Amino acid sequence: MSTTAAKTNETVKSRMSTRDIVLIGMFAALLAAFSQISLPMPTGVPITIQAFGVALVGVVLGWKRALFSTIVYILLGAVGLPVFANFQGGLRVITGLTGGYILAWPVMAALCGAAIPVKSASAPVSLFFSIALSVIGMLFMEAAGGLQWALLAGDKSFGMIMAYSFTAFIPKDTALTIAAVIAGRQIRRTLVRGGFI
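Residues numbered from 1 in each chain as written. Predicted model: local features only at pLDDT ≥ 70, side-chain atom pairs only at ≥ 80, totals over all residues. Heavy atoms only, no water.

1. Some points on a nonpolar patch on the surface
A surface patch of nonpolar side chains, amounting to about 400 Å² of accessible area, comprises L147, L151, L152 and F158. Among the elements that take part in the nonpolar patch, helix α7 (residues 123-153) stands out by supplying three residues, more than any other. Among the secondary structure elements, L151 is positioned in helix α7. Classification of L151 as exposed rests on a relative accessible area of 67%. (Patch = residues over 30% accessible without salt bridge, like charges linked within 9 Å, V, L, I, M, F, W, Y side chains within 5 Å. Areas by Shrake-Rupley, 256 points an atom, 1.4 Å probe, with all protein chains shown as cover. Salt bridge = Lys/Arg side-chain N within 4 Å of Asp/Glu carboxyl O. Helix = DSSP H or I, 4+ residues; strand = E, 2+ residues; numbered from the N terminus. Buried < 20%, exposed > 50% of the residue type's maximum accessible area, 1.4 Å probe, protein only.)

2. Brief notes about helix α6 (residues 105-113)
With seven of its nine residues buried, α6 lies for the most part within the structure. Of the residues making up α6, those classed as buried are W105, P106, M108, A109, A110, C112 and G113.

3. Some points on the packing of aromatic side chains
Across all of its chains, the model carries seven aromatic pairs by this definition. With 5.1 Å between their ring centres and 20 degrees between their planes, Y73 and W105 make a pair best called stacked. Of this pair, Y73 sits in helix α3 (residues 63-78) while W105 is found in helix α6, placing the two residues 32 residues apart along the sequence. According to the relative accessible area criterion, Y73 is buried, its value standing at 1%. Given a relative accessible area of 2%, W105 falls into the buried group. Look at Y101 and F169: their rings are 6.4 Å apart centre to centre, the planes differ by 75 degrees, and that puts the pair in the edge-to-face class. Taken together, the residues span a long stretch of sequence, with Y101 in helix α5 (residues 99-103) and F169 in the loop between α8 (158-168) and α9 (170-193) at a distance of 68 residues. (Phe/Tyr/Trp six-rings, centres within 6.5 Å; stacked < 30°, edge-to-face > 60°.)

4. What to know about the pattern of salt bridges
Counting across every chain of the model gives three salt bridges. We note a salt bridge from K156 to D155, for which the minimum N-O separation is 3.6 Å. The class for D155 is exposed, based on a relative accessible area of 57%. Residue D173 pairs with K172 through a salt bridge whose shortest N-O separation is 2.8 Å. Accessibility expressed as a relative area gives 24% for K172, which makes it partly exposed.

5. A closer look at the UniProt feature "transmembrane region" (unreviewed entry) in the chain
On the UniProt side, "transmembrane region" (unreviewed entry) is annotated at positions that read residues 21-39, 45-63, 70-87, 93-116, 123-141 and 161-183 here. Here residues 21-39 is 79% helix and 11% strand, with 32 Å between the C-alpha atoms at its ends. Here residues 70-87 is 50% helix and 0% strand, with 17 Å between the C-alpha atoms at its ends. (UniProt positions renumbered as here; feature names shortened; annotations may be inferred.)

6. Here we look at unusual backbone geometry
The backbone of N86 sits at a positive phi, close to 60 degrees, despite the residue not being glycine. Within the secondary structure, N86 is located in the loop between α3 and α4 (91-94). Its identity as a non-glycine residue notwithstanding, F87 has a phi of 55 degrees, on the positive side. By relative accessible area, which is 60% here, F87 ends up exposed.

7. Points about the environment of R65
As for its placement among the helices and strands, R65 is situated in helix α3. Spatially, the C-alpha atom of R65 lies 8.7 Å from that of G113, the residues being 48 residues apart in sequence. Excluding residues within four positions of it along the chain, R65 makes contact with D20, L23, I24, R188 and I197. Side-chain polar atoms of R65 contact the backbone oxygen of L61, separated by 3.3 Å. (Contact = heavy atoms within 4.5 Å. Polar contact = N/O pair within 3.5 Å; in protein donor to acceptor, adjacent residues only side chain to side chain.)

8. Comments concerning the packing of α3 against α6
Where α3 meets α6, the closest approach of the two axes is 8 Å, and the angle between their N-to-C directions is 160 degrees. The angle between the axes of α3 and α6 places the two elements in the roughly antiparallel class. In this structure, α3 meets α6 at a crossing whose hand is right-handed. Note on element contacts: α6 touches α3 through W105, P106, A109, A110 and G113, opposite W63, A66, L67, T70, I71, Y73 and I74. (Axes fitted to C-alpha atoms, helices over the stretch in contact; angles between N-to-C directions. Parallel < 35°, antiparallel > 145°, perpendicular 65-115°, else oblique. Left-handed = near helix turned anticlockwise from the far one by under 90°.)

So, in structure tokens, the structure goes:
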């Protein structure tokens, strides 16, 4: 490879790396915005639309960038920036009743961003695969969140919390996740055509 070609290749890699960092930061900020839309509940765990935000980030960015974006979001909140629900920040949120849900976001985002391994798959098959993985990621988030909630609450078992979740959280989060997959796939196609991703 010539010196000129090597420099060109290095520049392209540098640009892609810069673009990735910008996208990761932008979508971490988007997660912070989605987190502020919440309805406080007597249980101490608010009703939010965060599942939509996490799924959207995953589908639009793809699994790797989405993984980093959610980790950046968590780290920003952990050091005290008010990016968590109701403009909260700090480790006390991560180690509190809702911390398990937040800590599960990278896994959910990565599953939402996973691409179907068969390149020739039809659009309906690809959509079904994307929705199925995303819902699995959402259920993982619900289970991880419920487990930490049960461990910290003391007066509620994991089974009780999951039974409550199937009424208060899971139907709503399932609908939000599916909506995010459908919207996110269209947004991703638009961004790819524009050369942004």
